[in-house]
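Fold and contact review
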Amino acid sequence: MIYLFLLALDPASFSGIEAMSWEHGFSKIIYFSFVILTTLGYGDVTPGTHIAEFFVYMEAVTGVFYMAIMVASLVSTHLATTKYK
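Now for a description of the structure that goes with this document. As the structure is a prediction and not an experimental result, all values here were calculated from the model.

1. Notes on the overall build of the protein chain
- Within the protein chain, the regular secondary structure consists of three helices and two strands.
- Of the regular secondary structure in the protein chain, the N- to C-terminal order runs α-β-α-β-α.
- Taken against the 2.2 N^0.38 rule, which gives 12 Å for 85 residues, the C-alpha radius of gyration of the protein chain at 17 Å runs more than 25% over that of a compact globule.
- Over its C-alpha atoms, taken along the principal directions, the protein chain stretches across nearly 60 × 25 × 20 Å.
- Looking at the 85 residues of the protein chain, the share that counts as buried comes to 22%.
- A separation threshold of at least 6 residues defines the contact pool for the protein chain, and within that pool the share at least 24 residues apart is 58%.
- Put simply, the protein chain shows about 6,100 Å² of open surface, and 73% of that area lies on carbon and sulfur atoms.

2. Topic: helix H2 (residues 22–37)
- Buried residues of H2: Gly25, Ile29, Phe32, Ser33, Val35 and Ile36, and no others.
- Looking one or two residues beyond H2, the residue adopting positive phi is Thr39, at roughly 55°.

3. Considerations on the packing of aromatic side chains
- For the coordinates displayed, the defined rule picks out five aromatic pairs.
- Ring centres of Tyr3 and Phe14 lie 5.4 Å apart, and the angle between their planes is 80°; this geometry places the pair in the edge-to-face category. Taken together, the positions of Tyr3 in helix H1 (residues 2–9) and Phe14 in strand S1 (residues 14–15) put the pair 11 residues apart, joining distant regions of the chain. Both residues of the pair, Tyr3 and Phe14, belong to the buried class.
- On the numbers, 5.3 Å between centres and 65° between planes, the contact of Phe14 with Phe32 is edge-to-face. Linking Phe14 in strand S1 with Phe32 in helix H2, this pair joins segments that are 18 residues apart in sequence.

What counts as what
Residues numbered from 1 in each chain as written. Predicted model: local features only at pLDDT ≥ 70, side-chain atom pairs only at ≥ 80, totals over all residues. Heavy atoms only, no water. Helix = DSSP H or I, 4+ residues; strand = E, 2+ residues; numbered from the N terminus. Rg over C-alpha atoms; globule rule 2.2 N^0.38 Å. Buried < 20%, exposed > 50% of the residue type's maximum accessible area, 1.4 Å probe, protein only. Contact = heavy atoms within 4.5 Å. Areas by Shrake-Rupley, 256 points an atom, 1.4 Å probe, with all protein chains shown as cover. Phe/Tyr/Trp six-rings, centres within 6.5 Å; stacked < 30°, edge-to-face > 60°.

Geometric descriptors of this kind do not, in isolation, establish any biological role.
Here it is as structure tokens:
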């Protein structure tokens, strides 16, 4: 939703996505968000302003931390269940 808001405020916030109504731009923004969250970085959509770059960086860091926390919790759960067998 932040990306849609940025795009509405400044159409130059992202290159690769043109300004359109949120109904039409939602699928492209969700696609971009998943690409950033998973740190794939295809490069077809890029941030064009500093505030957009900030939110993209924060989402990428969140994606990395999310995976680290998930792996750590799965490992600790596995170790806790195998310890008492």
